[in-house]
Amino acid sequence: MPDSAVPERAIPSRRRGTRPAHELILIADYGSQYTQLIARRIREQHVYCRIIPPQQLTVQRLRQERPTGLILSGGPASVYQDKAPLPPKEIFSLGIPVLGICYGMQAMAYRLGGRVQRAGKREYGKAVLSVTQPDGLFRGTKPEFVSWMSHGDLVKRAPPGFSINAETSNTAAAAMADSRRRLYGLQFHPEVAHTEEGGRILKNFLFHICHCRGKWTMRSFVKDAAARIRQQVGTNRVVLGLSGGVDSSVAALLLHKALGKQLTCIFVDNGLLRSGEGIQIKETFGRHFHLRVRYVDAAHQFLNALRGVIDPEQKRKIIGREFIRVFEAEAKQIRGVSFLAQGTLYPDVIESVSAWGGPSATIKTHHNVGGLPKRMSLSLVEPLRDLFKDEVRELGKLLGLPDELLWRHPFPGPGLAVRILGEVTAERLRIVREADERVTKEIRRSGLYRSLWQAFAVLVPVKTVGVMGDERTYEHVIAVRAVTSQDAMTADWAKLPPELLGRIANRIINEVKGVNRAVYDISSKPPATIEWE
């Protein structure tokens, strides 16, 4: 059978002009730094998408899930290298619209009989794209526009049945298409903001090629997620570790909506929390939302387990282990508990797992992902696992979470333990907690709190000489960190007004015993991470 033919067993609901019962765009992640941007751009159009590792891209899975469309992401590999991650050739004959981006285009071309080779000149950054066939993906775009390139290989010869419909001065085949089979390739990255017509191109793929309707909203997510939760849990009981952060708070309200009294929230005072969190949790969730909340004072347990530990990854694993121990001990006192719920988000999973098993690098272990022990007596429920932070806030607003909690800055699962560089002790916790409280109060007072992604204090493991009251001091240093971001995947240091920084430093040095110096962190992510550990 020639490659251009569609076999009789092609997925029937994906034939041109038909509308599936559900909409799903699958994104095969080949390790691109931009894969999450693809997902975000699709979600912004109210179309649901999910990222899968390359090894899960099989004909069997596509037949079972029947996606509305498929996107092959970019990545660092070359199609000719040993054990290069390549999509099965058969997927291109299933009748599913496919968009290959950068490496995804090269992999498609290679599998279907085209030729890929090293570029004579590596193309990275902005490049002017000339559209030679203004249809399909380029419907309604300008004939020339700036695109974002990042590739060392290129398609030298398109596969049979494909036409070349865009070019740059360096890349003759900057885009290719077989419109009859609805197979498309882009050598540039439409998901990146630098590509001027990127949004229109992705909309064309979603709505004119895949025939999506854009009906996925947080309201529909609540309905679907509640049904999945009930199906997974059945009549069993669930415990949730409620920290007071946005993620666990929204997870608690969603689970409460789905399960009612089957849910018991466990608030663990691990001694690593911000000032006043315990009182706020009891007021908001116990009295206002009428959730079942059990308070556990485990501060000594956590501090004892962390004694002498300096390595940040070890801290995270210890804290994750102790959380599970507390949960399991509490769960034994509640009849019928079989599940542990967590507010795990997409960025948590992405930064903890190497591109879903793919070629990307692991950045750090989150306590609610990589810190879990291999054996647990409770099964996991993670209702927010597919959502980004802005989507979680949208969901929280829909569920009635107060603005004070809804817009609270993200707080790491290990708490203040990863904002203390070095050993965690009661005294060092006091210092960083008091400093953090003053950072937050001054930023709120300035009216800048909502414009920042995070702002906090870090205790640096050095002491410096100072002068207080005409006497020499030798005390701790506090680093102040404030960043702007959309989803924590990238972040820029916040350009706070000098007078605000002066007030923050003045309060910390004068009011927090044991500190005589404050510094401001002006590094962005990447190369740094938002948290110091």
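A. Representation of the overall build of the chain in the model. The number of helices and strands found in the chain is 14 helices and 18 strands. For the chain, the proportion of its 533 residues judged to be buried stands at 56%. Relative to all contacts within the chain whose residues are 6 or more apart in sequence, the contacts with residues 24 or more apart total 74%. With an accessible surface of roughly 23,200 Å², the chain has 49% of that area assigned to carbon and sulfur atoms.

B. Quick peek at the sheet that holds strand β14 (residues 379–381). Read across the open sheet, the 5 strands follow the order β12-β11-β10-β13-β14; overall the sheet is parallel. Each end of this open sheet is capped by a strand with a single partner; those strands are β12 (293–297) and β14. Each neighbouring strand pair of the sheet contributes to a mean axis angle of 30 degrees, computed without reference to strand direction. Strand contacts of helix α6 (residues 246–259): β10 (237–241), β11 (263–269), β13 (337–341) and β14, with the helix running at about 165 degrees to β10, the strand carrying the most contacts. Across the face of the sheet, helix α7 (residues 277–288) comes into contact with β11 and β12 while running at roughly 165 degrees to β12.

C. Representation of the pairing of strand β2 (residues 49–52). Pairing geometry for strand β1 (residues 25–28) and β2, over 4 bridges, is parallel. Residue pairing for β2: leucine 26 is matched across the bridge by arginine 50. With respect to chirality, the unit in which β1 leads through helix α1 (residues 35–43) into the neighbouring parallel β2 is right-handed.

D. Highlighting the packing of helix α8 (residues 299–306) against helix α9 (residues 312–331). The contact between α8 and α9 brings their axes to 10 Å, and the two run at 145 degrees. Judged by the twist between their axes, the crossing of α8 over α9 is right-handed. On the side of α8, the interface is formed by Gln301, Phe302, Ala305 and Leu306, while α9 contributes Lys315, Ile318, Ile319, Arg321, Glu322, Phe323, Arg325 and Val326. Residue composition of the contact of α8 with α9, by class: 7 nonpolar, 1 polar and 4 charged.

E. Representation of the side chain of threonine 464 within the structure. If you trace the backbone, threonine 464 turns up in strand β15 (residues 454–468). Accessibility expressed as a relative area gives 18% for threonine 464, which makes it buried. Within the local environment of threonine 464, its side chain forms a polar contact with the side chain of arginine 517, the two groups lying 2.9 Å apart. Each residue touching threonine 464, except ones within four places of it in the same chain, is listed here: Thr473, Tyr474, Glu475, Val477, Asn516 and Arg517.

F. Just the confidence of the model for the chain, in detail. Residues with a pLDDT of 70 or more make up 90% of the chain, whose mean pLDDT is 87. Predicted confidence for residues 1–21 stays below pLDDT 50, and this span has 45 contacts to residues more than four positions away or in other chains. Confidence drops under pLDDT 50 across residues 353–374; counting only partners more than four residues distant or on other chains, this segment forms 63 contacts.

G. Molecular detail of the pattern of salt bridges. Considering all chains together, one arrives at 32 salt bridges under this definition. With a shortest N-O distance of 2.7 Å, arginine 43 and glutamate 391 are connected by a salt bridge. Placement of the pair is arginine 43 in helix α1 and glutamate 391 in helix α11 (residues 389–399), with a sequence separation of 348 residues. Note on glutamate 391: relative accessible area 7%, which makes it buried. Of the charged contacts, one joins arginine 481 and aspartate 521 as a salt bridge, the two residues approaching to 3.3 Å between their closest N and O atoms.

H. Inspection of α6 at higher detail. Helix length check: α6 (14 residues) gives 20 Å between terminal C-alpha atoms against 20 Å at 1.5 Å per residue, within 8%. Restricting attention to buried positions, one finds in α6 the residues Val246, Asp247, Ser248, Ser249, Val250, Ala251, Ala252, Leu253, Leu254, Leu255, Ala258 and Leu259. Downstream of α6 by one or two residues, glycine 260 has phi in the positive range, about 60 degrees.

I. The arrangement of the pairing of strand β3 (residues 69–72) in detail. Alternating positions in β3 separate into two faces, Gly69 and Ile71 on one and Leu70 and Leu72 on the other, with burial throughout. In this structure, β1 lies alongside β3, joined through 4 bridges in parallel fashion. Its bridge partner being in β3, isoleucine 25 is matched across the sheet by glycine 69. Relative to strand β4 (residues 98–101), β3 runs parallel, the two being bridged by 3 bridges. Counterpart to leucine 72 in the pairing with β4 is glycine 100.

J. Focus on unusual backbone geometry. A cis amide bond, omega -15 degrees, links lysine 525 with the succeeding residue proline 526. In this fold, proline 526 is placed in the segment after β18 (515–520). Notably, histidine 46 is not glycine yet its phi reads approximately 60 degrees, a positive angle. Backbone geometry places arginine 66, a non-glycine residue, at a positive phi of 50 degrees. Following the sequence through the fold, arginine 66 ends up in the loop between α2 (59–65) and β3. Looking at arginine 66, the relative accessible area reads 35%, which means it is partly exposed.

K. The arrangement of the packing of α6 against α11 in detail. Interaxial distance between α6 and α11 falls to 10 Å at its minimum, and their mutual angle equals 45 degrees. Here α6 lies oblique to α11, going by the angle between them. Both α6 and α11 take part in a crossing whose hand is left-handed. Contacts from Val246, Asp247, Val250, Leu253, Leu254 and Lys257 of α6 reach α11 at Lys389, Val392, Arg393, Leu395, Gly396 and Leu399.

L. View of the side chain of asparagine 165. With respect to the helices, strands and loops of the structure, asparagine 165 is situated in strand β7 (residues 163–167). Setting aside anything within four residues of it in sequence, one finds asparagine 165 in contact with Ser130, Val131, Thr132, Gln133, Phe138, Ala175, Met176 and Ala177.

M. Layout of the environment of glycine 104. Position of glycine 104 among the secondary structure elements: in helix α3 (residues 103–111). Spatially, the C-alpha atom of glycine 104 lies 8.4 Å from that of glutamine 187, the residues being 83 residues apart in sequence. Ignoring any residue separated from it by four or fewer positions in sequence, one finds glycine 104 in contact with Leu72, Ser73 and Gly74.

N. How the structure looks around the packing of aromatic side chains. Enumeration over the complete set of coordinates arrives at 11 aromatic pairs. Seen in terms of ring centroids, phenylalanine 145 and phenylalanine 188 are 6.3 Å apart; in terms of plane orientation they differ by 75 degrees. Their pairing is edge-to-face. On the criterion of sequence distance, the pair formed by phenylalanine 145 in strand β6 (residues 144–157) and phenylalanine 188 in the loop between β9 (183–186) and α4 (198–209) is long-range, its members being 43 residues apart. Note on phenylalanine 302 and phenylalanine 323: the rings are 5.3 Å apart at their centroids and 70 degrees apart in plane angle, and the pair reads as edge-to-face. Taken together, the residues phenylalanine 302 in helix α8 and phenylalanine 323 in helix α9 connect sequence positions 21 residues apart. When its relative accessible area of 13% is taken as the criterion, phenylalanine 323 is described as buried.

The rules behind the values
Residues numbered from 1 in each chain as written. Predicted model: local features only at pLDDT ≥ 70, side-chain atom pairs only at ≥ 80, totals over all residues. Heavy atoms only, no water. Helix = DSSP H or I, 4+ residues; strand = E, 2+ residues; numbered from the N terminus. Buried < 20%, exposed > 50% of the residue type's maximum accessible area, 1.4 Å probe, protein only. Contact = heavy atoms within 4.5 Å. Areas by Shrake-Rupley, 256 points an atom, 1.4 Å probe, with all protein chains shown as cover. Pairing = 2+ DSSP bridges. Axes fitted to C-alpha atoms, helices over the stretch in contact; angles between N-to-C directions. Right-handed = clockwise from strand over helix to strand, strands pointing away. Left-handed = near helix turned anticlockwise from the far one by under 90°. Nonpolar A, V, L, I, M, F, W, Y, C, P; charged D, E, K, R; others polar. Polar contact = N/O pair within 3.5 Å; in protein donor to acceptor, adjacent residues only side chain to side chain. pLDDT = per-residue confidence, 0-100. Salt bridge = Lys/Arg side-chain N within 4 Å of Asp/Glu carboxyl O. Expected span 1.5 Å × (residues − 1). Parallel < 35°, antiparallel > 145°, perpendicular 65-115°, else oblique. Phe/Tyr/Trp six-rings, centres within 6.5 Å; stacked < 30°, edge-to-face > 60°.

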